[in-house]
Amino acid sequence: MYSSILVPLDGSTHAEKALTVAAQLARGAGATLHLMTVAEFPPDNIGLFTGGTAEPFSEEDREKLAAGMKDEAQKIIEQARSAVDLEGIEVEEVVHQGRPAQLINEAAETLGVDAIIMGSRGVSDMRGLVFGSVSHKVSHTAGCTVVTVT
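From a predicted model like this one, the values you see are computed outputs, not experimental measurements.

Brief notes about the overall build of the protein chain
Scanning the protein chain from N- to C-terminus turns up five helices and five strands. For the protein chain, the α and β elements follow one another from N to C terminus as β-α-β-α-β-α-β-α-α-β. By residue count, 38% of the 150 residues in the protein chain fall in the buried class. Considering only contacts in the protein chain between residues 6 or more positions apart, those separated by 24 or more positions represent 75%.

Encoded structure:
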């Protein structure tokens, strides 16, 4: 059925459910799971929304923020690995920084996965209502099968 499955993770319960489904499919098919997190860098004008200024981040601030975000992304993978039984499954980890939907599709293509299995709602439900959910974007633009788990 599937030989390679990409599972985007964001720390949400929906993502954890998706990993559970993906693990069951991978175990039955002997597939590799690619666990992926995307540290989404905030726009330079984020200060306008948080009561600050519209000044762009300095290069030093960007580097500090990026390091912290990548650490957080790794914690999300570790949390998911401890919550779901992945014994006997080949698991690889992918951490990127940027726009989630775009990077998920790019990773799926680069890795040559057969399917993307992801949660229907992430940790930022309000943002999803305003800007559209990542799962919705991926399901409409991916070049492979996308399974959305609710």
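A closer look at the side chain of Ser-135
Within the fold, Ser-135 resides in helix H5 (residues 134-141). Of the polar contacts made by the side chain of Ser-135, one reaches the backbone oxygen of Ser-120; its length is 3.0 Å.

Focus on the sheet that holds strand S2 (residues 32-39)
Strand order in the open sheet made by the five strands is S3-S2-S1-S4-S5, with parallel pairing throughout. Every interior strand has two partners, whereas the edge strands, strand S3 (90-97) and strand S5 (145-149), have only one. Here the average twist between neighbouring strands, direction ignored, is 20 degrees. For S2 and S3, the ladder comprises eight bridges, and the chain directions are parallel. Opposite Met-36, over in S3, you have Val-94 as the bridge partner. Along the sheet face, helix H3 (residues 100-111) touches strand S1 (4-8), S2, S3 and strand S4 (115-119) and points at about 150 degrees away from the line of S2. Across the sheet, H5 lies against S4 and S5, angled at about 160 degrees from S4, the strand it touches most.

Quick notes on the confidence of the model for the protein chain
Residue-level pLDDT values for the protein chain average 84, and 80% of them are 70 or greater. Contacts from residues 125-131, a stretch scored under 50 in pLDDT, to residues over four places away or in other chains number six contacts.

Brief notes about the side chain of Asn-105
Residue position: Asn-105 is located in helix H3. Take Asn-105: its relative accessible area is 16%, and that puts it in the buried class. Beyond its immediate sequence surroundings of up to four residues, Asn-105 is in contact with Ile-116, Val-138, Thr-141 and Ala-142.

Some points on helix H1 (residues 13-29)
Between its first and last C-alpha, H1 extends 24 Å over 17 residues, near the 24 Å set by a 1.5 Å rise per residue. Directly after H1, the chain includes Gly-30, whose backbone phi takes a positive value near 70 degrees.

A closer look at the pattern of salt bridges
Enumeration according to the criterion identifies two salt bridges in this entry. In this structure, the salt-bridge partner of Asp-85 is Arg-27, at a minimum N-O distance of 3.9 Å. Of this pair, Asp-85 sits in the loop between helix H2 (59-83) and S3 while Arg-27 is found in helix H1, placing the two residues 58 residues apart along the sequence. Residue class for Arg-27 comes out partly exposed when judged on its relative accessible area of 39%. Residue Arg-81 is joined to Glu-93 by a salt bridge in which the shortest nitrogen-to-oxygen separation is 2.8 Å. Of the two residues, Arg-81 sits in helix H2 while Glu-93 sits in strand S3, which places them twelve residues apart along the sequence. Judged by relative accessible area, which is 35%, Arg-81 ranks as partly exposed.

Conventions and cut-offs
Residues numbered from 1 in each chain as written. Predicted model: local features only at pLDDT ≥ 70, side-chain atom pairs only at ≥ 80, totals over all residues. Heavy atoms only, no water. Helix = DSSP H or I, 4+ residues; strand = E, 2+ residues; numbered from the N terminus. Buried < 20%, exposed > 50% of the residue type's maximum accessible area, 1.4 Å probe, protein only. Contact = heavy atoms within 4.5 Å. Polar contact = N/O pair within 3.5 Å; in protein donor to acceptor, adjacent residues only side chain to side chain. Pairing = 2+ DSSP bridges. Axes fitted to C-alpha atoms, helices over the stretch in contact; angles between N-to-C directions. pLDDT = per-residue confidence, 0-100. Expected span 1.5 Å × (residues − 1). Salt bridge = Lys/Arg side-chain N within 4 Å of Asp/Glu carboxyl O.

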